[in-house]
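# Overview (structure and organization)
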Amino acid sequence: MSRCLQLAKNGLGNTYPNPMVGSVIVCDDIIIGEGWHQKAGQPHAEVNAVNSVKKTELLKKSTIYVSLEPCSHYGKTPPCSDLIIAKGIKKVIIGTVDPFAEVAGRGIKKLLDAGCEVLVGVLEKECQNLNKRFFTFHQKKRPYVILKWAESLDGFIAPETESRNKKKPVWITNKTSQQLVHKWRAEEQSILVGTNTVKADNPSLTTRDWAGDSPTRIIIDRNLSLSKEATVFDQKAPTLILTALEVENKNNLKFSKVDFNQNLPSQICEILYSEGLQSVIIEGGAQTLQSFINEKLWDEARVFKGNLIFNSGIKAPVLTAIQNSESTTINGDTLTLYSSIND
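Residues numbered from 1 in each chain as written. Predicted model: local features only at pLDDT ≥ 70, side-chain atom pairs only at ≥ 80, totals over all residues. Heavy atoms only, no water.

The following threshold applies: UniProt positions are given in the numbering used here, feature names are shortened, and annotations may be inferred rather than shown by experiment.
The name recorded for the chain in an unreviewed UniProt entry is Riboflavin biosynthesis protein RibD, from Leeuwenhoekiella aestuarii. The Function (unreviewed entry) comment attached to the chain in UniProt states, word for word, "Converts 2,5-diamino-6-(ribosylamino)-4(3h)-pyrimidinone 5'-phosphate into 5-amino-6-(ribosylamino)-2,4(1h,3h)-pyrimidinedione 5'-phosphate."

## A word on helix α10 (residues 286–294)
To keep it simple, the criterion reads: Only protein chains enter the calculation, and the probe is 1.4 Å; a residue is then buried if its accessible area is under 20% of its type maximum, exposed if over 50%, and partly exposed in between. Comment: elements are numbered from the N terminus, with helices defined as DSSP H or I runs of at least four residues and strands as E runs of at least two.
Taken as a whole, α10 has its buried residues at Ala-286, Thr-288, Leu-289, Gln-290, Phe-292 and Ile-293. Among the residues trailing α10, Lys-296 stands out with phi positive, at a value near 55°.

## Description of helix α6 (residues 132–140)
Listing the buried residues of α6 in full gives Arg-133, Phe-134, Phe-135, Thr-136, Phe-137 and His-138. Taken from the residues just after α6, Lys-141 is the one with a positive phi, measuring 60°.

## Comments concerning the UniProt feature "binding site: NADP(+)" (unreviewed entry) in the chain
We apply this condition: Contact definition: two residues touch when any of their heavy atoms are within 4.5 Å.
When the UniProt feature table is mapped to this numbering, "binding site: NADP(+)" (unreviewed entry) covers Ala-150, Trp-171, Thr-197, Asp-201, Gly-285, Ala-286, Gln-287, Thr-288, Leu-289, Gln-290 and Ser-291. These residues run over 142 residues, and the two farthest C-alpha atoms among them are 23.5 Å apart, placing them at more than one spot. The residue Trp-171 is located in the loop between β7 (156–158) and α7 (175–187) in this model. Take Thr-197: it is sitting in helix α8 (residues 195–201). Filtering out sequence-adjacent residues up to four positions away, Thr-197 remains in contact with Asn-202, Pro-203, Gly-284 and Gly-285.

## Section: the state of the cysteines
Our working definition: Pairs of cysteine sulfur atoms within 2.5 Å are identified as disulfides in what follows.
Counted under the stated rule, the structure contains zero disulfides. With no disulfide partner, Cys-71 has as its closest neighbouring cysteine sulfur the one in Cys-80, 3.8 Å distant.

## Observations concerning the domain arrangement of the chain
The following threshold applies: Where each domain begins and ends is defined by an automated method or by a domain database. What counts as buried area is the accessible surface, traced by a 1.4 Å probe, that two parts surrender upon association, with contributions from both included. For this analysis, a salt bridge means a side-chain nitrogen from Lys or Arg found within 4 Å of a carboxyl oxygen belonging to Asp or Glu. Pairing of N or O atoms within 3.5 Å defines a polar contact, subject to two protein rules: one partner must be a possible hydrogen donor and the other a possible acceptor, and residues neighboring in sequence count only if both atoms are side-chain atoms.
By domain assignment, the chain separates into domain 1 (1–134) and domain 2 (141–340). Centre-to-centre, using C-alpha coordinates, domain 1 lies 35 Å away from domain 2. Each side of the interface is counted separately: domain 1 has seven residues, and domain 2 has nine residues. In this assembly, domain 1 packs against domain 2 so that about 800 Å² is buried in total across both faces, 46% of it on carbon and sulfur atoms. Area buried by domain 1 at its contact with domain 2 is led by Tyr-16, Lys-132 and Arg-133, which between them contribute 65% of it. Counting the contacts that link domain 1 with domain 2 gives two salt bridges. With its nearest N and O atoms 2.7 Å apart, the salt bridge here joins Arg-133 to Glu-188. Between domain 1 and domain 2 we count four residue pairs in polar contact (both at pLDDT 80 or more) in total.

## Considerations on the UniProt feature "active site" (unreviewed entry) in the chain
Within this structure's numbering, the places UniProt gives as "active site" (unreviewed entry) are Glu-46. One can find Glu-46 in helix α2 (residues 45–51). Residue class for Glu-46 comes out buried when judged on its relative accessible area of 3%. Beyond its immediate stretch of four places on either side in the chain, Glu-46 contacts Ser-23, Ile-64, Val-66, Leu-68, Pro-70, Cys-80, Leu-83 and Ile-84.

## Some thoughts on the environment of Ser-190
Turning to its location among the elements, Ser-190 is positioned in strand β8 (residues 190–193). Separated by 49 residues in sequence, Ser-190 and Thr-239 place their C-alpha atoms 9.1 Å apart.

## Topic: the side chain of Thr-336
Counting through the fold element by element, Thr-336 comes out in strand β16 (residues 333–340). You can call Thr-336 buried: its relative accessible area is 11%. In terms of polar contacts, Thr-336 uses its side chain to reach the side chain of Ser-327, at 2.7 Å. Not counting residues within four places of it along the chain, the set of residues in contact with Thr-336 comprises Ala-301, Arg-302, Val-303, Ser-325, Glu-326 and Ser-327.

The structure is reproduced here in structure tokens:
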């Protein structure tokens, strides 16, 4: 099962809206086939594992390991449970049950009804954590929320406004850390910033320093006060504007009306869920980040601390409800990863 997890991670950022899944086929204690789900719409892990077996006659006396319950429904591909049954594989080891309503135990039942021996729950927590975005989306009906910011040694995310060049970001972290952020963007489905961040930094919010698709850009712009010349409106990536106004969608720009007098983080999560976005990176600014923290709507936080000292400016958000944390250094920057205890 550990090998299944290793294989599954190869699909990070490429399988949405599907989960990452790895599969290994073993015969007489020897791996004879393995595969992972590489991209949505393409064959699932079990199919790739079966297709990699050179001596197909061995399948009938083999055991198939899979990190997530084999699907039982017809989507863009046929059910993997049917394939396992058709190939005569009689023993199936499953990491965890699929939370998706179309599966949710049906694949296991189909295998059992066909006479297969099925064992469920091997490295279950690890298998669920692998697909934390997928599980959060289907179980909590909201995206997996990642908070991200960089702060100075003295706890500011930006210097005083007067000292900032207009529409030029003040970099707190080094180039390596900045590239890592672009890697993260390629792994998630959406990224969100507020009006002030766009006005101050004019970010692109794309993966220009890393291979991979850019996430959907989510921009909070209550009164549509942002300049149409801002980079986030360049239509190079799908962009969703959250506003108090009624606006028609156009090309790669979509508008969604929200009530700014009500709980904004909850509304945002509802909208992103309705858009099918399983994860979101909240990149700022401080007010936007703190609003998600205060509403207990975050799952993990990724906080960089650079070597600059600002003395004054915009204070960094204050995390609460922290379950645990882990720190590492990146060429002099300190990156701390926090996980939330929020239900």
